[in-house]
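What follows is the residue order along each chain.
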Amino acid sequence: MKSKHTAIIRRFFVLSVVLALFEIFLCNYTSFTTAPKIETLDTSVIQSEGNVACENGSLIISSDSSLIIDEPPSYTRAIIIEQKQAYKEAVNPVEVILGIKDVTQSLNYESVRDRLTPATGKPLIMSITPYKKLYSVRIGYGGITEPLTVNAIKTANAVPFSFSFLRFFVLFAMIGFVIVVQEKNWDNILYRSKNPRQRLILQCIALICTIAASLWLCPEKTAAYDPEVRNTADPYAMTFDAFQKDQMYLDLDVDQKLLEVENVYDRTLRDESGAFAYWDLALYDGHYYCYFGVAPVLTMYYPFYWISGKLPTIAFASFIFCTLAIFFFCQLIITLVNRFVRHCNFLLLCLAIPTSVACCGVFYVLNISNTYTLPLAAGLCYLFLCLWTGITATMSRKMRKRIMLLILSGVSLSLCAMSRPGMALGALILAPFYLQILLAKKQPMKYKISQAAAFLIPVLLGGVFILTYNYMRFGSVLDFGQTYQLTVSDIHGNSLSLMSFFPMLIHYFLQLPRTRALFPYFEANFCVIYNYGKYTYLADTIGVFTYPLIPAGMLLMPLTFRRIRSAFSLKKWFIILCFGISLMIAWQDFCLGGAITRYVIDFLPLLVILSVLVLLSAVDIDHGSKTKNRICAIIFAGSLFISFLLTIGVRDSILMKYHSEIYEAVENMIVFWK
């Protein structure tokens, strides 16, 4: 034991020395110089283009502008900008583009650095390597919404030395953990579902994932409700207001010119009429309606109003739903592993839980939090609760507990359908579990009937409510109102078509992120293939193959099936349904809606569940193989890292506005060559 501890300490010492040398000589290689020179430029030598004013020796930039430094010192190899943006609580990051003219390009400015900065007072340092003579430097500012004060611009012959303790300790922690795992053979520990210590660790991981949602908690949590004030920015608040006034339609006036348009759902005709129209609300029979799911109003807005006398903001309601969704999804993953994976590697399971949460789309919903993502947040919350309680019920031996869990599962499914009807189709993956109950020969018929009733009665009641709600608004039980929305196109033209299946695969599965100039250098992609045969709505989309977890899981499905001998295996049919229903939901969403990232989230959790089970089962086939363990760990860690970068890189996101220091710290840690 002592020899192992000695070996670990020795390797830690070597690691710390190597990382220190890496930080000093590689990450700070642009800082080495024999005679450091730093000069603060006088504002009189700085020219400006745009809305720039000079006050007390500082430059005040009020809108997108440029600062130009002609004939900078010949030794200049770094530009240091001390600046601060005026803001209250939310930060709007500013894009700073550094361009230079030198011997290689003396006619036009060549952009050599591009940074997105919150401009909170920390110096912005950008290195340059001009060829021979440096003629001019231009500092371009974009995305300015609040006045930005440039207190000083300095030129230096080298980037000031800065030892990044964050980078050092992050690398030390990651590599050090790998060393400990190797020395103590932790990678051979099997998961035992009845081991209290392992169960505690898994619940701690679930708790950490759940607490992580607090990063998206906005200061604006409540909004006052006044029946005389129309909150047109929140259709759920307007729906609440309509219910309070005992009506189905929203309390909004309809422009009479709008009613005279031949086809009001044709945007061209609508715009040509000059009539005022509320964007993306449903217009039917002379009234406005909200076509989004009603569950957020019933289960969040009303309880919140009864407790506080106010209404929640969309961002806060989304935060509550997503926080619960994360917890439920963690429990769902643990439950599925307990049910289907016999010899699960414990460390891989610990890594699979945060990876699953990161890749299922819940952080995307938290990061955006708008009118369109609130139904997604509620849908994810209720779908995960439905699946978790439904599967747990089939594993319980206590009949009373099983009945209660089935009732909760049925209620959750109904609420999911009231939030996002298409997403609720994901609950079909429970079918093999429930069929197994009904076909069990040892159970008395009365137990089968009571269990079926426990689940089906809430589902049927929820279905009756939805159909009645549809009929009261649009005169048809199957009309959810989407076709009446005033949006970019006439939704009546959208219909299910087999010809859309292959374009769906391209956009929803194969479409990878595009590159961009700013860190992390990739983002959601906008792609058009011009092979749809009709108008198709397209926006920035991230295909599911962006996460290595998904293609790896799909490729290894045959390996998992090969080990399952029974044609009626519950695990086999569960995985098949996860895959098949994902395709069905994706095809339906693409045909009726188009391509955008939020539609991908309707089926992404099912593919994440499938992939996690398949990968853990693939390792289970030969649980002694360290090579398989390492490959699986790399897939999980890579997916987690990609999801993390995609999340922090969204420019107009809640995380960027309220915690821009995370983006800045991660960029400084990774991009050491700037």
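Figured I'd write up the structure that's included with this text. (Residues numbered from 1 in each chain as written. Predicted model: local features only at pLDDT ≥ 70, side-chain atom pairs only at ≥ 80, totals over all residues. Heavy atoms only, no water.)

1. As for the overall build of the protein
Phase 1: Along its length, the protein carries 24 helices and 17 strands.
Phase 2: Against the globule reference of 26 Å for 674 residues, the protein gives a C-alpha radius of gyration of 29 Å, in line with a compact fold.
Phase 3: Along the first, second and third principal axes, the C-alpha set of the protein runs to 90 × 85 × 50 Å.
Phase 4: The proportion of buried residues among the 674 residues of the protein is 51%.
Phase 5: Carbon and sulfur atoms make up 62% of the accessible area of the protein, which totals about 31400 Å².
Phase 6: Measuring between centres, the 57 positive side-chain charges of the protein sit 22 Å from its 45 negative side-chain charges. (Helix = DSSP H or I, 4+ residues; strand = E, 2+ residues; numbered from the N terminus. Rg over C-alpha atoms; globule rule 2.2 N^0.38 Å. Buried < 20%, exposed > 50% of the residue type's maximum accessible area, 1.4 Å probe, protein only. Areas by Shrake-Rupley, 256 points an atom, 1.4 Å probe, with all protein chains shown as cover. Lys, Arg positive; Asp, Glu negative; His and termini not counted. Charge placed at Lys NZ, Arg CZ, Asp CG, Glu CD.)

2. A closer look at helix H14 (residues 431–439)
For an α-helix the count is 3.6 residues per turn, leaving residues at separations of three or four pointing the same way.
Phase 1: Listing the buried residues of H14 in full gives Pro432, Phe433, Tyr434 and Ile437.
Phase 2: Along its buried surface, H14 packs onto helix H8 (314–340), helix H11 (374–395), helix H12 (399–419), helix H15 (445–474) and helix H19 (570–592). (Contact = heavy atoms within 4.5 Å.)

3. Topic: the pattern of salt bridges
Pairing between side chains of opposite charge can happen when their charged atoms approach one another.
Phase 1: Per the stated rule, a full pass over the model turns up 14 salt bridges.
Phase 2: Of the charged contacts in the structure, one is a salt bridge between glutamate 183 and arginine 11, with a shortest N-O distance of 2.7 Å. Here glutamate 183, found in helix H2 (residues 165–184), pairs with arginine 11, found in helix H1 (residues 2–26); they are 172 residues apart in sequence, far enough to count as distant.
Phase 3: For arginine 11, a relative accessible area of 32% puts it in the partly exposed group.
Phase 4: Across the pair glutamate 23 and arginine 167 runs a salt bridge whose closest N-O atoms are separated by 2.7 Å. With glutamate 23 in helix H1 and arginine 167 in helix H2, this residue pair connects regions lying 144 residues apart in the sequence.
Phase 5: Looking at glutamate 23, the relative accessible area reads 1%, which means it is buried. (Salt bridge = Lys/Arg side-chain N within 4 Å of Asp/Glu carboxyl O.)

4. Quick notes on the packing of H8 against H19
Phase 1: Across the interface, H8 lies against H19 with an axial gap of 11 Å and an inter-helix angle of 140 degrees. Judged by the inter-axis angle, H8 sits oblique to H19. Two packed elements cross with a definite hand, and for H8 against H19 that hand is left-handed. Contact residues: Leu336, Arg339 and Phe340 in H8; Leu570, Lys571 and Phe574 in H19.
Phase 2: The class makeup of the residues in the contact of H8 with H19 is four nonpolar, no polar and two charged. (Axes fitted to C-alpha atoms, helices over the stretch in contact; angles between N-to-C directions. Parallel < 35°, antiparallel > 145°, perpendicular 65-115°, else oblique. Left-handed = near helix turned anticlockwise from the far one by under 90°. Nonpolar A, V, L, I, M, F, W, Y, C, P; charged D, E, K, R; others polar.)

5. What to know about the nonpolar core
Phase 1: Ranked by size, the top nonpolar core spans 171 residues in total, and within it Tyr288, Tyr301, Tyr508, Phe509, Phe574 and Ile609 carry the most contacts.
Phase 2: Membership of the second largest hydrophobic core comes to 25 residues, among which are Ile81, Leu98, Leu134 and Ile144. (Core = buried A, V, L, I, M, F, W, Y, C linked by side-chain atoms within 4.5 Å.)

6. Considering the layout of surface pockets
Phase 1: For the largest pocket, the calculated volume is near 1900 Å³.
Phase 2: Per element, the largest residue contribution to the lining of the largest pocket is 11 residues, and it comes from helix H22 (residues 626–648).
Phase 3: Of the residues assigned to the lining of the largest pocket, the class counts are 35 nonpolar, five polar and three charged. (1 Å grid on protein atoms, 1.4 Å probe; cavity = no way out; pocket = protein on both sides within 12 Å on 5 of 7 lines; lining within 4 Å. Points joined across faces, edges and corners; volume = space filled by probe spheres on them.)

7. Quick word on the pairing of strand S3 (residues 52–55)
Phase 1: Relative to strand S4 (residues 58–61), S3 is paired through four bridges, and the arrangement is antiparallel. Residue glutamate 55 lies in a different strand from S4, and its bridge partner there is serine 58.
Phase 2: Between S3 and S4, which pair antiparallel one after the other, the connecting turn spans two residues, and asparagine 56 there sits at a positive phi close to 50 degrees. (Pairing = 2+ DSSP bridges.)

8. Some points on empty space enclosed by the protein
Phase 1: Counted by the stated rule, this structure contains one cavity of 30 Å³ or more.
Phase 2: Each pocket or cavity is described by its volume, and for the largest cavity that value is around 80 Å³.
Phase 3: Every residue lining the largest cavity is listed: Ser489, Asn494, Ser500, Lys534, Tyr535, Thr536, Tyr537, Phe590, Cys591, Gly593 and Gly594.
Phase 4: Looking at the lining of the largest cavity residue by residue, the class counts come to four nonpolar, six polar and one charged.

9. Points about the side chain of threonine 487
Phase 1: With respect to the secondary-structure elements, threonine 487 resides in the loop between H15 and helix H16 (501–510).
Phase 2: Residue classification places threonine 487 among the buried positions, given a relative accessible area of 8%.
Phase 3: With residues near it in sequence (within four places) discarded, threonine 487 still touches Arg267, Arg270, Trp279 and Asp280.

10. What about the packing of aromatic side chains?
Phase 1: One pass over the full model with this rule turns up 49 aromatic pairs.
Phase 2: Centre to centre, the rings of phenylalanine 321 and tyrosine 382 are 5.8 Å apart; their planes meet at 65 degrees, and the pair counts as edge-to-face. With a gap of 61 residues between them, phenylalanine 321 in helix H8 and tyrosine 382 in helix H11 connect regions that are remote in the sequence.
Phase 3: In this structure phenylalanine 321 comes out as buried when scored by relative accessible area, which is 2%. (Phe/Tyr/Trp six-rings, centres within 6.5 Å; stacked < 30°, edge-to-face > 60°.)

11. Examining the sheet that holds strand S7 (residues 94–102)
Phase 1: Judged by pairing direction, the sheet is antiparallel, and its five strands sit side by side in the order S2-S5-S10-S7-S8 without closing on themselves. Among the strands making up the open sheet, the edge pair consists of strand S2 (46–49) and strand S8 (110–117). On average, each strand axis in the sheet is inclined to that of its neighbour by 20 degrees, with strand direction left out of account.
Phase 2: Pairing of S7 with S8, which is carried by seven bridges, proceeds in the antiparallel orientation. Across the sheet, glycine 99 pairs through a bridge with serine 111, a residue of S8.

12. Looking at the environment of proline 93
Phase 1: Note on placement: proline 93 falls in the loop between strand S6 (78–85) and S7.
Phase 2: Distance from proline 93 to aspartate 226, taken between C-alpha atoms, is 34 Å for residues 133 residues apart in sequence.
Phase 3: Once residues within four sequence positions are removed from consideration, proline 93 is found in contact with Leu116, Thr117, Pro118, Gly143, Arg651 and Met656.

Distances and angles like these do not, on their own, reveal function.
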